[in-house]
Structure formats: structure tokens, C-alpha cells
Amino acid sequence: MYKPILGLICLALAGTVQAIESRYGQGCAYIKHSREIYCFGGEPFSSASNDMPVFSLDITDKGTMDLKTLEWKTIPKASGDVAPQAASKFMFSPTGDDDSIYIEGGKVCPGCPPNYGYTYSTSKKLWKQMNNYKPIVTTPAVYANGAIWSFGGVTDSQIGLPQKITTLYNIAVKINTTTWNQGYYTSETSTYPQATWDSSMVYSPLDNLLIVIGGYEYLEKSVLVKMDDIIAIDIGEKKYSKLTGTTSLSGSLPESRHGHTAIMDPTNKFVVMFGGCDSNMVGMNDIWLYNIESRTWEKKNTYGTPPSKRCRHSVVVVENYMIVLFGEYLGYATDDIAMALDLNTWTWTSQPVFGSQTNKVEKRGVEEATTTVESSGLSTKATTGVIVSVIFVIIANLL
Ligand SMILES: *[C@@H]1O[C@H](CO)[C@@H](O)[C@H](O)[C@H]1NC(C)=O
């Protein structure tokens, strides 16, 4: 009884503000049943509080929403709750129940202790610590088939542990969202790809693949991953591979980048990539489509005014819109906070029209019930020997 009551009191205290500070490196998710966008953390860090910031935005029930005058609610930590520390660039994913999100690791506020894995229930407004695993930074994560999957990332001094060396990871981690067991996703039938970090990842349901695009890799020094070097992880067959033979229909490949975003388009055939930065932190605001079946990139011409160039932004999909939120350019937070891309007409707009679909009446748990059952043989039987042999360890000052 204790915790839900706390949550309700907390709800009542949630303050409404006209504008939220610009930021980057946060995590954002759309909670369908309550029609709210939730965002967490990001930089610059506040000097007032070391608690992980939580704020939410109601999506207009029916009609036009003006993204230039958004009213975010800031949600204070319930007294006695064990919130993580303010952080950016953490592992972030919805947990598949259309209520909770999961965060782990990230760059923590100056002098703050590390963040282990936490869930946050958006209905209860409460955090829960789920594990004690070694935190990691700039690791993309997605929810698919009863688990949160992440690939790559870096362990370094930013995560709040005393670290002398930087560890790079070239293996996926599977977090079972029922048991919250977490383990390396080892493969006996394939070799592991190179370690990457600050990349983007999507889950392609038609192929049962995790697809990892871009970011950095280490080739005697940190370099951006080429856009025809795409990692694919089959989460039915436990197999790592590359989408070899990737080409571009637009003359050249997309510019290499990190801190970009990727989602699946409504047909689940294309990856929609937006933005990112080059190695000088110069941002981009282009849209590229990656056709998974033909392994081709195509630059997508859009209509309207796109958001300014950026990386370390967030995207959420609400109905037929991809909403771009926050972001960074040359080390500073971008001024324009939100812009929507209509995925049917490829038009950017600051006035999306919501409510044409009947999302509101959909019951929670419907998605879960229709999730396909995973093939057997998925066990997290990683042995120490295997783990050591697949992780790259590099002295920090070489980076
Ligand atoms: C999670 O763990 C439970 C209990 O061991 C198991 O039944 C379920 O299949 C697991 N889910 C996944 C996605 O591995």
C-alpha cells in the first residue's frame, strides 16, 4: 500500500512549467495508454539537484498540438524513493509493458556515484533498482520479444566508478524483463563484430534482427563506423553477422556519424535514420532510409522545415509522427526543442495533428499478448572465459 500512495501524492505535486530547458543525451519514450511522452536526464546537469530529472508531456487527445509552446510537467522524486543520479547517454528502453522504462549506466553528474539498472513506473511515479551490473555509457538498447537488448558501449571514468582503463564491448546483452536476469548474448555459431559505441540500434520484427548502425569503433584510434558496415544480430538463431553488400541509391553512403537516432518505419521494411554528429560534434539533420531487404541506403527528401542540425537528441513515434526532441550541436543544447516528421508524407511540422487513431481505448498488455514466442535454446550461459575473449580492453588515454 505504501508505494502506490506515495506515487499518487507525487502526481498531485507535479508542477507544470511552460518550457523545459534545452538539453542533450536524455532518454524519451511515448507511453501509449496514458498518451504521455516521458523524458529523463540529459545535460547540462542542474546545479540544484543530483536526482535524475523526470518530466512528461501530454499528447493532445484530438487535434493540433503546437510543439513550440509545450507544457511539460516536472515530476519530483517521491520522498524515500531510490532514484538514480542525474545522468546522460545512459542505456534507455521501454520495458514492453507500456508503463515502465529501464535505464542503466550513463555519464553521471560530477562526483556522483554510478547508476546501476533501474526501472521507472510512469503510472506509480516510482523508481526501482533492478541490478548491480557494471554500468556502461553510450550503449543503444531496444525492447523486443520479452527482453531489452543492448549492444556495445564503453566503460570509462564518466560512469562514476574509479576507472583506469576504458573497456569497449562488442557483444549484445539481453535483459529478461520478466526475471530481470541479465547476460551476455553469446554465440556458438558466429564470431563477434568489432566493438562500437554511440551507435543506434533498431529491432526489425520481419527478420528478427537487431541492426546496429554507425557510432565509433577503435582502429588504433577512435574512428566513426562506415555506413556500409552494419551489424546484424539474429535473436532467434543467436548469430552475429554483417549486412554485407550495403550500397547507396543516392550516389554516396550517408556521412558517418554518432549520437544519431534510428527507428523502423510504419511498414517495418525501412530503418529511418535522423541526425547525428561527425567527429567534430558538427550536427546533421538529414533523413536516410535503409532498406533492410535490398541493403540499400537512400537519402529521403522531406518537405517543410527540418529541426536544426543535432546529435544526442531523442525520437519518439506517436501515431504517424516521429517527434524529434532536444539535442546537441558543437557541445551546446539546440534551441529548438521539438519538431515532428509525418512518416506518411515526409513533411516536417511544428503542428502535428493527433487523435485520428483510437489509441486511447487500446488496452494495456495487448502488444504483449501478440508478441511472438521466441525459439527455444535461448539461455544466458555465458562463461567467464567467453566473456573475456570477446571484450576489447584499451588504455583510456589512447582514446
Ligand atoms: C525470461 O525468463 C522466464 C523465466 O525463466 C522465461 O520463462 C522466459 O522465456 C524468459 N524470456 C526471455 C525473452 O528469454
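The structure under discussion appears in the preceding block.
Residues numbered from 1 in each chain as written. Predicted model: local features only at pLDDT ≥ 70, side-chain atom pairs only at ≥ 80, totals over all residues. Heavy atoms only, no water.

Description of unusual backbone geometry
Okay, step 1: For the peptide bond that leads from E43 to P44, omega is 0 degrees, which places it in the cis range.
Okay, step 2: For P44, the location among the structural elements is in the loop between β3 (36–40) and β4 (54–58).
Okay, step 3: Not every positive phi belongs to a glycine, and K89 is a case in point at roughly 55 degrees.
Okay, step 4: Of note, K89 is situated in the loop between β7 (87–88) and β8 (91–94).
Okay, step 5: For N208, which is not glycine, the phi torsion reads 55 degrees and is therefore positive. (Helix = DSSP H or I, 4+ residues; strand = E, 2+ residues; numbered from the N terminus.)

A few points about the pattern of salt bridges
Opposite charge on two side chains lets them pair, provided their charged atoms get close.
Okay, step 1: Counting across every chain of the model gives 10 salt bridges.
Okay, step 2: Residue K242 is joined to D229 by a salt bridge in which the shortest nitrogen-to-oxygen separation is 2.8 Å. Residue K242 is located in strand β24 (residues 239–242), and its partner D229 is located in the loop between β22 (222–224) and β23 (231–234); the two are separated by 13 residues in the primary sequence.
Okay, step 3: Salt bridges sharing partners connect three or more residues here, namely R35, D61 and E319. (Salt bridge = Lys/Arg side-chain N within 4 Å of Asp/Glu carboxyl O.)

So, the nonpolar core
One broad rule of soluble globular proteins: the nonpolar side chains tend to lie buried together.
Okay, step 1: Of all hydrophobic cores here, the largest spans 22 residues; its most connected members are I37, W72, I323, L325 and F326.
Okay, step 2: Those elements giving two or more residues to this core turn out to be β2 (27–31), β3, β4, β30 (314–318), β31 (321–325) and β34 (338–342).
Okay, step 3: For this core, the leading source of residues is β31, giving three residues.
Okay, step 4: Listed in part, the 20 residues of the second largest apolar core include Y38, M52, F90 and Y118. (Core = buried A, V, L, I, M, F, W, Y, C linked by side-chain atoms within 4.5 Å. Buried < 20%, exposed > 50% of the residue type's maximum accessible area, 1.4 Å probe, protein only.)

A closer look at the side chain of R310
Okay, step 1: By the secondary structure assignment, R310 is in the loop between β29 (296–299) and β30.
Okay, step 2: Among the polar contacts made by the side chain of R310, one reaches the side chain of D336 at a distance of 2.8 Å. (Polar contact = N/O pair within 3.5 Å; in protein donor to acceptor, adjacent residues only side chain to side chain.)

A look at the pairing of strand β9 (residues 100–104)
Okay, step 1: Burial analysis of β9 places five of its five residues in the buried class, which makes it a mostly covered element.
Okay, step 2: In β9, alternate side chains face the same way, and those of S100, Y102 and E104 on one face and I101 and I103 on the other are all buried.
Okay, step 3: Pairing analysis gives four bridges linking β8 to β9, with the strands arranged antiparallel. Looking at β9, one finds that P94 is bridged to I101.
Okay, step 4: Pairing between β9 and strand β11 (residues 118–121): four bridges, direction antiparallel. Across the sheet, Y102 pairs through a bridge with T119, a residue of β11. (Pairing = 2+ DSSP bridges.)

What to know about the pairing of β23
Okay, step 1: Here β23 shows two buried faces, one formed by I231 and I233 and the other by A232 and D234.
Okay, step 2: As paired elements, strand β20 (residues 209–213) and β23 share four bridges and run antiparallel to each other. From the neighbouring strand, L209 faces β23, where its bridge partner is D234.
Okay, step 3: Across four bridges, β23 lies against β24 in antiparallel orientation. Opposite D234, over in β24, you have K239 as the bridge partner.

Thoughts on the sheet that holds strand β18 (residues 182–184)
Remark on secondary structure: sheet strands pair via backbone hydrogen bonds, oriented parallel or antiparallel.
Okay, step 1: Pairing is antiparallel across the open sheet formed by four strands, whose spatial order is β13-β14-β17-β18. Of all strands in the sheet, those with a lone pairing partner are β13 (141–144) and β18, marking the two edges. Within the sheet, the average angular offset between the axes of one strand and its neighbour, ignoring direction, is 25 degrees.
Okay, step 2: Alignment of β13 against strand β14 (residues 147–151), held across four bridges, turns out to be antiparallel. Paired with A144 across the bridge in β14 is A147. (Axes fitted to C-alpha atoms, helices over the stretch in contact; angles between N-to-C directions.)

A short note on the side chain of S248
Okay, step 1: Among the secondary structure elements, S248 is positioned in strand β25 (residues 247–248).
Okay, step 2: Look at S248 and you get buried, because its relative accessible area is 18%.
Okay, step 3: There is a polar contact of 3.0 Å between the side chain of S248 and the backbone nitrogen of S250.
Okay, step 4: A distance of 2.7 Å separates a polar atom in the side chain of S248 from the backbone oxygen of S252.
Okay, step 5: Those residues in contact with S248 that sit more than four places away from it in its chain are L253, W288 and W297. (Contact = heavy atoms within 4.5 Å.)

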